[in-house]
Amino acid sequence: MALTSALYTGLSGLDVNQRQLNVTGNNIANVNTTAYKSSRALFQSQFYITALAGSSPTSNFGGRNPSQLGLGAEIATIQKNFTSGSLQATGKTTDLAIDGDGFFILKGAQPGYTRDGSFTLNSNNDLVSSGGQYVQGFGVDANNSVIPGVLTNINVPLGEKTIAVATTTARFQGNLNAGGAVAAGSSVLNGAPLTTVGGATTPDATTLLSNLALLGTPGTAVYNVGDTVTLDGVKKGGAQVPGASLSVTATTTLGDLLSFYQGSLGINTTVPPAAGIPTPGTTIKSAGSVGNAIQIVITGNSGKGNALSFSSSNSVVSFADGTTAGPPPIASNPSGESLPTDTQIVAFDSLGNQLHIYANVTLESKTATGTTWRFYASSPDNVGGDTVIGTGTLTFDNNGKLTAQTGNNVTLSRTGTGAKSPQGIALDFGTLTSLKDTATVLQQNSQDGYPIGTLSGFNIDADGSVVGTFTNSLTRKFGQVAVATFKNTEGLTDNGGNVYAASTASGTAVIGSALSNSAGSIRSGALEQSNVDLSTEFTNLIVSSTGFSAASRVITTSDALIQELLNIKR
C-alpha cells in the first residue's frame with residue numbers, strides 16, 4: 001500500500017512541475033508581447049492520511065502529535081501578475097499606454113478589456129484595436145463638452161472641415177508710455193474754393209457734384225458723371241490709409257463727398273475736442289470775401305496718431321478724362337504721445353473672411369490720479385463707406401494699472417456680404433499698463449475667431465481627451481478614451497489576444513476616465529511592455545525541471561522496490 005501511494009505521490013510531483021514548466025514556457029514565449037502579464041503556478045499539498053491522531057497532555061500522559069502521511073502536491077492556483085510593464089515610446093499618436101491601474105474598453109462580439117494600446121484608425125477613422133475591436137470612450141455634445149457615462153466608438157474625422165467662427169473678443173497687451181505729451185492739435189485740410197457751374201449760387205451739401213466748379217473757372221464742372229474720386233497714398237499717424245473710391249453719378253451730392261472723405265479717413269466725430277482743438281469732421285465753409293464760393297474743410301482727430309498726410313506723388317481725386325487733382329494743404333501739425341503706427345487687429349466674420357481692423361491710441365489727459373488714453377478703431381471692411389467703428393477711453397491709476405475702459409465694444413456692418421451682421425467685437429485691454437517708457441507699444445495678444453479649416457491631426461491627452469488640430473489653428477475635442485478599473489484585477493478571465501473579460505471574481509467594471517476612479521494616466525505615443533522577468537523565469541525552469549526529475553526518481557525507486565517484492569521467493 002505504501003509503495004503504491006509513493007507512485008501516485010511521485011506522479012503528482014511530475015504533474016505539478018510540468019504544469020509549472022507550461023506556465024514558465026508561456027511567460028517566456030510572451031516576453032515581447034505588448035502589455036502581457038506574466039503568470040505563476042502556486043503549489044499546495046494534497047490531503048493527508050492520518051495514521052495516528054494527536055492527543056493533548058493529561059496528568060498521566062504527556063500527549064503526542066498527529067502522525068500523517070501526505071499524498072503528493074497539486075496546483076493551488078495559476079496567478080496573474082498585473083504589475084505594470086515598462087513604457088516604450090513609439091511616436092505613433094494612436095499607440096496608447098496606461099501608466100497605472102486600468103484597462104482600455106473594447107467593443108466586439110463580447111465586451112473586453114485590454115492593456116494593449118496598439119490601436120490604429122480604420123477606413124472610417126474609428127479607433128480600433130489590433131484585433132479589429134472598437135475602442136470605447138465618451139462622445140462630445142454640440143459645445144464639444146464630453147458626455148460622461150455613455151460609451152461610444154472614438155472617431156477622429158481627419159480631413160473634415162470646420163465651420164468658420166466669427167471673432168467676438170480681441171485681447172491686447174503692451175504699455176502706453178505715460179511719460180509722453182498729451183495730444184494736441186488736429187490736421188486741418190482746406191480744399192480749393194468751389195462754386196456752382198456759372199457761379200450764380202453758393203454750393204451746399206445738396207449741390208450735385210456735377211454742378212461744382214473751381215472758383216477761377218466757373219464755366220467748367222470739376223466733376224462729371226462717370227468720374228471717380230479716390231483717396232490713395234494717404235497716411236494717418238504714419239500708417240497707410242486703405243485706398244477708397246467714390247463714383248460720381250447723376251445724383252451724387254457734395255454731402256456724399258463729405259461723408260466719403262470723413263468715413264474713408266476714419267475721422268470719429270463722436271469725440272468731444274479738448275479746449276483749443278477744432279471739432280473733427282468734414283464740413284464746408286465760406287471762402288471769405290469771395291462771392292458764392294465755399295471750401296471743403298477736413299478736420300482730423302487730435303493727436304499725432306491721427307495726423308493726416310498726403311504724398312504729392314499719389315492722387316487724391318481722379319477724373320474720367322484721366323486727369324487728377326492734388327491733395328489739399330495741411331494747416332497744422334498735431335503732436336502728443338501715440339502709437340507710431342496703427343495696430344492691425346486680426347479678426348474674422350462668420351464666413352471666415354478676414355477683417356482688417358485698426359486700433360490707434362493717443363494720450364488724452366494727465367491728472368493727479370493717473371492718465372487717460374483714447375483709442376480709435378476703424379475698418380475698411382465696415383460696409384457702408386464709413387471706416388469708423390468705435391472709440392473709447394482707457395483710464396490708468398498712479399501705478400499704471402488699468403482701472404476702467406469704455407467704448408471697447410465695437411460693431412462692424414457686414415450687410416450684403418452673406419456674413420452675420422452686425423458683428424460685435426469686444427476689445428479687451430485688461431492687461432495693458434501705462435508706465436514711463438521710451439515708446440507706446442500696443443499689440444494684439446489673441447482673438448477667438450477662425451476661418452474655415454481642415455482637421456489635419458490630433459493628440460490624446462493624459463486624461464484620454466482626443467483633441468483635433470485644424471489647419472486654421474483651431475483645436476476641438478472629439479471625445480475621450482474611457483478606462484475601466486476592477487476591485488479584483490486578478491479575478492479577470494484571460495480570453496487570449498491580450499483581451500480580458502470580467503468575471504464574478506473580478507467584480508463589475510467601474511467605467512470612467514483616466515486620472516479618476518484610481519485609474520492611471522494615458523500616455524500617447526507609447527506602448528506598455530511585457531512584465532516578464534527572464535531571470536526569474538530561467539530560475540523557475542531550473543527549479544521545475546529539478547522538481548520533475550526528483551519526482552520521477554520517486555516513481556523509479558518505488559517501482560524498483562515493488563519489483564523486489566515481486567521477486568521474493570517463498
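As the structure is a prediction and not an experimental result, all values here were calculated from the model. (Residues numbered from 1 in each chain as written. Predicted model: local features only at pLDDT ≥ 70, side-chain atom pairs only at ≥ 80, totals over all residues. Heavy atoms only, no water.)

Q: What should I look at first to understand the environment of V467 in this one?
A: Its location among the elements puts V467 in strand β36 (residues 465-470). Along the backbone, V467 and Q480 are 13 residues apart, and their C-alpha atoms lie at a distance of 8.7 Å. When near neighbours in sequence (up to four residues on either side) are disregarded, V467 contacts G457, F458, N459, D461, T475, R476 and K477. (Helix = DSSP H or I, 4+ residues; strand = E, 2+ residues; numbered from the N terminus. Contact = heavy atoms within 4.5 Å.)

Q: Can you help me understand empty space enclosed by the protein in this one?
A: Gaps left between atoms show up when a probe the size of a water molecule is rolled over them. Using the criterion set out here, one finds 1 cavity of 30 Å³ or more in the structure. Here the largest cavity defines a volume of roughly 210 Å³. Lining the largest cavity we find 22 residues, and of these K236, L265, D342, Y358 and S378 sit closest to its centre. Breaking the lining of the largest cavity down by element, the ones donating at least two residues are β20 (239-240), β28 (354-367), β29 (370-378) and β30 (388-396). Its residues assigned to classes, the lining of the largest cavity comprises 10 nonpolar, 10 polar and 2 charged. (1 Å grid on protein atoms, 1.4 Å probe; cavity = no way out; pocket = protein on both sides within 12 Å on 5 of 7 lines; lining within 4 Å. Points joined across faces, edges and corners; volume = space filled by probe spheres on them. Nonpolar A, V, L, I, M, F, W, Y, C, P; charged D, E, K, R; others polar.)

Q: How do you make sense of a nonpolar patch on the surface when you look at a structure like this?
A: Together, F47, I49 and L69 make up a nonpolar patch on the protein surface, roughly 300 Å² of accessible area in all. Relative to the helices and strands, L69 is located in strand β3 (residues 67-70). (Patch = residues over 30% accessible without salt bridge, like charges linked within 9 Å, V, L, I, M, F, W, Y side chains within 5 Å. Areas by Shrake-Rupley, 256 points an atom, 1.4 Å probe, with all protein chains shown as cover. Salt bridge = Lys/Arg side-chain N within 4 Å of Asp/Glu carboxyl O.)

Q: Would you mind going over the environment of A307 with me for this structure?
A: Within the secondary structure, A307 is located in the loop between β23 (294-302) and β24 (308-310). The spatial distance from the C-alpha of A307 to the C-alpha of G237 is 5.0 Å, given a sequence separation of 70 residues. Other than its neighbours up to four places away in sequence, A307 contacts S187, K235, K236, G237 and P334.

Q: In this structure, what is going on with the pattern of salt bridges? I would like to understand it.
A: Oppositely charged side chains can form a pair if their charged atoms are brought close together. Enumeration over the complete set of coordinates arrives at 7 salt bridges. Here R171 ties to D428 by a salt bridge, and the two come within 3.9 Å at their closest N and O atoms. Taken as a pair, R171 in strand β14 (residues 169-175) and D428 in strand β33 (residues 423-428) lie far apart in primary sequence, 257 residues in all. The partly exposed category is assigned to R171, whose relative accessible area is 36%. Judged by relative accessible area, D428 falls into the partly exposed class, the value being 29%. Among the ionic pairs, R414 bridges to D349, the shortest N-O distance being 2.9 Å. Of this pair, R414 sits in the loop between β32 (409-412) and β33 while D349 sits in the loop between β27 (343-348) and β28, and the two are 65 residues apart along the sequence. (Buried < 20%, exposed > 50% of the residue type's maximum accessible area, 1.4 Å probe, protein only.)

Q: Can you help me understand the layout of surface pockets in this one?
A: Here the second largest pocket defines a volume of roughly 250 Å³. Here the lining of the second largest pocket gets 6 residues from one element, more than from any other, and that element is helix α2 (residues 254-264). For the lining of the second largest pocket, a count of residues per class yields 4 nonpolar, 9 polar and 2 charged.

Q: Any chance you could explain the pairing of β14 here in plain terms?
A: Regular strands place side chains that alternate from one sheet face to the opposite one. In this structure, β14 lies alongside β33, joined through 3 bridges in parallel fashion. The residue of β33 that forms the bridge with R171 is D428. The pairing of β14 with strand β34 (residues 441-447) spans 6 bridges and is antiparallel. Within β34, the residue paired with F172 across the bridge is Q444. (Pairing = 2+ DSSP bridges.)

Q: Mind showing me how you'd approach the packing of aromatic side chains here?
A: A ring pair, where both rings are aromatic, is described by two values, the distance of the centres and the angle of the planes. In the structure shown here, the tally under the stated rule is 10 aromatic pairs. Relative to F486, the ring of F103 lies with its centre 5.9 Å away and its plane at 75 degrees, an arrangement referred to as edge-to-face. Remark: F486 occurs in the loop between β37 (475-485) and β38 (493-494) and F103 occurs in strand β7 (residues 103-107); sequence separation between them is 383 residues. Relative to F429, the ring of F172 has its centre 4.9 Å away and its plane inclined at 15 degrees; by these criteria the two rings are stacked. Taken together, the residues span a long stretch of sequence, with F172 in strand β14 and F429 in the loop between β33 and β34 at a distance of 257 residues. Note on accessibility: F172 and F429 belong to one class, buried. Through a chain of ring-to-ring contacts, three or more aromatic side chains come together here, namely F82, F103, Y113, F486 and Y500. (Phe/Tyr/Trp six-rings, centres within 6.5 Å; stacked < 30°, edge-to-face > 60°.)

Q: Teacher, can you tell me more about the sheet that holds β24 here?
A: What links the strands of a sheet is backbone hydrogen bonding, and the strands pair in either a parallel or an antiparallel sense. Strand order in the open sheet made by the 3 strands is β20-β19-β24, with antiparallel pairing throughout. Looking along the sheet, the strands with just one partner apiece sit at the ends: β20 and β24. As defined by bridge partners, strand β19 (residues 234-236) adjoins β24 across 3 bridges and the pair is classed as antiparallel. The residue of β24 that forms the bridge with V234 is F310.

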